[in-house]
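# Structural features, examined
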Amino acid sequence: MTVVDQAERLDFVGEPFDPLAFAPASGPAAPPSPPSSTAPSSPAETHPAETHPAETHSTDARPTELIRQLRATTAAAHASALRAQAALQLRVLGGLDGGPARPVGPALLPSAPALPSTPALPSGPALPSGPALPSGPAVPTGLPPAPARPRVTTEASFKPLARSAVGVLGVADLDRLARGAIADVLGPAYDQDGHDRSVRLAADGGLLLAAVDAIELRGGRPGRGLVRARLVGPAPHGEGLVEAAAQAARLFAVYLGLHLCLLDAHFVDGAAPGTQVDPAVTGSGELELVLEVTDIDLVPRPALRADAEIRPVGSDQVLGRVTDVAVGLREGAGRPVGPGPGGTTPVWLGRKNRFGDPAMLNEFHMAHFCRGDQAIALGPEFAGYTGRKATRLPSGGLLLVDRVLEVHGTRGDPASLAGGAWHVTEYDAPADSWYFADTANASMPNCVYMETSLQAALMVGYYLGATLADPAAMVSLRNLGGTARVLREVDLRDATIRQHSTLLSTTDMPGSSLQSFGYTLSVDGEPFYEGETMFGYFSDAALANQTGLDAGRSVPTWLDAISPRPAVRTLDVAARRDDPGAPLVARDHLALLDTLDVVDGGGRYGQGYLHAVRPIDPDDWFFARHFHLDPVIPGSLGVETVIQAMQEWLLDSPHAEGLVDPAFVLPVDAPFTWKYRGQFLPTDGETRLEVHLKEVRRAPGRVRVTADASVWKPGLRIYELIDVAVELRTDGAAPW
């Protein structure tokens, strides 16, 4: 098949051009040109059968029609040239590396819409032929822009298993990485005691990356990561471009530490990516490859997907594009990926923490516990829970346990389940985590304190086999309440939180099973948070028959019950949040409150009363996270909404006056108690809260507000908070 034949079978990829979109300026048409002063043509040059447009069309229509016809002809010629260029791309892909031409499928080159029909041009004298185009090397014209991909939210961003301060790699660095010396280049966080020697950047042959000028964890248009690398010369072509893109993708996978959760890992590549190349990419000088990551996951095995563009160094012109490059990691042959029977791990599974301590289970197992294969996560006894409603950790940005370091207790042993078993877990809190950006607090919000401690606690009971006596039973895990206390003020950005959780008791009841726990959270060896809590495993029938906190009675809010109705003023929280310069306001994923009704001097204690209603949207982000196949609003976010209401009231009150550049902190040594007797489903319509302010305390540079609160679903009060508190303080203020 000739190049012309190939061109005729292809269509243009890009924005269709409308040749009839021209709108003439209003006003009379230009007059016809005066007759020529030259001698008339000879009889042989005349065409008696021709009709001049002026003889059959009005003066107003003549130039418009000509322009329309000329534009249509030009567009058709342009489309034909582009089809020929696309055909040449096939020759580049196949011919430059000696292989067959790669078929370009419909996804890469979709058919363009047909051009609109146009009237035939009037006949006229033949146009003189122009000079022949000079021969020479093709000039790169560039490819059309790539389709836009959605940008990931901060909450959905992938959290790396390791981080490096290295962002630029030279020839020597790449050579060491290619030989498997990862920790030598990226730092001790990547150390795997030599079990990473099979993690190689180049699948076959040598490296095609000459240098890496940038690695960005949140870079690229999708916000999932970016690698900018210069290619070796002469520039690779055809399959070489695909391999260069794959090497950049493998480099980013290593940079994320994806290999660290498997023992003796090695790379595997996914399906063949799509490719587009400008025919003039040859001889176009030094080239760079810009890789944008489009997806990252640990389930079923660590993997990522990316797109890459080839550009001249220092230019935005795209000469080549490789789409959907997929690379994954697999464990070494015969290596286990999870715990064995009884939850034991006789072989280290490859992961260390930031201090060099070996982990029993790691981020890979937590991801499977959330939404994957529970047999991989916890052991073969849990295989029956995969793919159906069961106890799970939250996922995404609400997953707040990373690793299990040790477990003391025996699975299925009545003595262990009766109380006394314990485990140690960890959670890394990177400074770029979504909740640090979205909270009104100076550091971590209360909901994350609650979630990370409660998730760690529930794991020890479930891991030891709380539900394994009847694995076929369909049960859901719900928190019932607890008491917690902040021990000291600490900034947790970039901290590793260590959770020590103890199973205190297990009580079996018809249709449910209850477990109580104690926990302590520490950072740098010093405790900063402690508490006790109770969880229950409930059948669907038991959950359907929950009667709330008032034995099934519909109890009104204080505002609805009091008569006459008191004066109410409203704080517009949403309007304050819309001001990007407004301080001390929760935003984005923690924007849980839009308006707040205030009764000054009202409430049970006469210190003030707050009331708010929030509609429930089934598409709210947290339903997809909490939990897989069992969506409910996290109770911790209900508590967070109450805290935000109190914060907004405090900022609006005179109590905040005189504080210089204040910040919200979690009050130290102020225990609070919560009780949950129901759940919020995506279909519940709304949540309604009330807060009874009961104490305002002041000290130099500090003010603390304490209250009791309740939260309703339609017709039922299901949350109760006692002594919940907020605190506003200036930086450096003396403690209480």
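Quick caveat: nothing in here was measured; it's all calculated off a predicted structure.

What counts, and at which threshold
Residues numbered from 1 in each chain as written. Predicted model: local features only at pLDDT ≥ 70, side-chain atom pairs only at ≥ 80, totals over all residues. Heavy atoms only, no water. Helix = DSSP H or I, 4+ residues; strand = E, 2+ residues; numbered from the N terminus. Buried < 20%, exposed > 50% of the residue type's maximum accessible area, 1.4 Å probe, protein only. Contact = heavy atoms within 4.5 Å. Areas by Shrake-Rupley, 256 points an atom, 1.4 Å probe, with all protein chains shown as cover. Polar contact = N/O pair within 3.5 Å; in protein donor to acceptor, adjacent residues only side chain to side chain. pLDDT = per-residue confidence, 0-100. Axes fitted to C-alpha atoms, helices over the stretch in contact; angles between N-to-C directions. Parallel < 35°, antiparallel > 145°, perpendicular 65-115°, else oblique. Left-handed = near helix turned anticlockwise from the far one by under 90°. Nonpolar A, V, L, I, M, F, W, Y, C, P; charged D, E, K, R; others polar. Pairing = 2+ DSSP bridges. Phe/Tyr/Trp six-rings, centres within 6.5 Å; stacked < 30°, edge-to-face > 60°. Arc of directions from axis to C-beta.

### Notes on the overall build of the protein chain
- Assigned secondary structure in the protein chain consists of 15 helices and 21 strands.
- Sorting the 736 residues of the protein chain into buried and exposed places 51% on the buried side.
- Considering only intrachain contacts with a sequence separation of at least 6, the fraction spanning at least 24 residues in the protein chain is 74%.
- Of the roughly 32,700 Å² of accessible surface on the protein chain, a fraction of 55% belongs to carbon and sulfur atoms.

### Quick notes on the environment of T502
- Its place among the elements puts T502 in strand β11 (residues 495-509).
- Measuring from C-alpha to C-alpha, the distance between T502 and Y519 comes to 6.3 Å, with 17 residues separating the pair along the chain.
- In this view, T502 contacts G420, A421, W422, S516, F517 and G518; residues no more than four positions away in its chain are not counted.

### Details of the environment of S522
- Along the polypeptide, S522 turns up in strand β12 (residues 512-523).
- Judged by its relative accessible area of 16%, S522 is buried.
- With 35 residues separating them in the primary sequence, S522 and L487 have C-alpha atoms 10.0 Å apart.

### A few points about the side chain of E288
- In this fold, E288 is placed in strand β5 (residues 287-297).
- Within the local environment of E288, its side chain forms a polar contact with the side chain of R228, the two groups lying 3.1 Å apart.
- In this structure, E288 is in contact with R228, A229, R230, L231, E309, I310, R311, P312, V313, G314 and S315, ignoring residues within four places of it in sequence.

### Re the confidence of the model for the protein chain
- A residue-level look at the protein chain finds 79% of positions with pLDDT of 70 or above and a mean pLDDT of 84.
- In this model, residues 1-61 is a region of pLDDT below 50 whose contacts with residues beyond four sequence positions or in other chains number 60 contacts.
- In this model, residues 79-137 is a region of pLDDT below 50 whose contacts with residues beyond four sequence positions or in other chains number 86 contacts.

### Observations regarding the packing of helix α11 (residues 446-463) against helix α15 (residues 635-652)
- Two elements in contact, α11 and α15, have axes whose closest approach is 8 Å; the angle formed by their N-to-C orientations is 160 degrees. In terms of their interaxial angle, α11 and α15 are classed as roughly antiparallel. Viewed along their axes, α11 and α15 form a crossing whose handedness is right-handed. Here N446, C447, M450 and E451 of α11 come into contact with α15, specifically with S636, L637, V639, E640 and I643.
- Residues belonging to the contact of α11 with α15 are distributed by class as follows: five nonpolar, two polar and two charged.

### Observations regarding the pairing of strand β9 (residues 422-429)
- Counted residue by residue, β9 has seven buried out of eight residues, so it is predominantly covered.
- Note that strand β8 (residues 403-408) and β9 share five bridges and pair antiparallel. From the neighbouring strand, V404 faces β9, where its bridge partner is T425.

### Description of the environment of R179
- Mapping R179 onto the fold places it in the loop between α4 (171-178) and α5 (182-186).
- For R179, a relative accessible area of 46% translates into the label partly exposed.
- Considered as a pair, R179 and A202 are 23 residues apart in the sequence and their alpha carbons are 9.3 Å apart.

### Overview of the packing of aromatic side chains
- By the definition in use, this model includes 18 aromatic pairs.
- Aromatic side chains W434 and Y435 sit 5.6 Å apart centroid to centroid with 80 degrees between the ring planes, which places their arrangement in the edge-to-face category.
- Note on W434: relative accessible area 4%, which makes it buried.
- Centroid distance Y435 to F436: 4.8 Å. Interplanar angle 55 degrees. Geometry classified as tilted.
- The exposure class assigned to Y435 is buried, which follows from its relative accessible area of 0%.

### Points about α4
- Inspection of α4 places L174, L177 and A178 among the buried residues, and these make up the whole buried set. One side of α4 holds all its buried residues, which, seen down the axis, span an arc of 100 degrees.
- Close packing links the buried residues of α4 with α5, β1 (209-216) and α6 (239-256).

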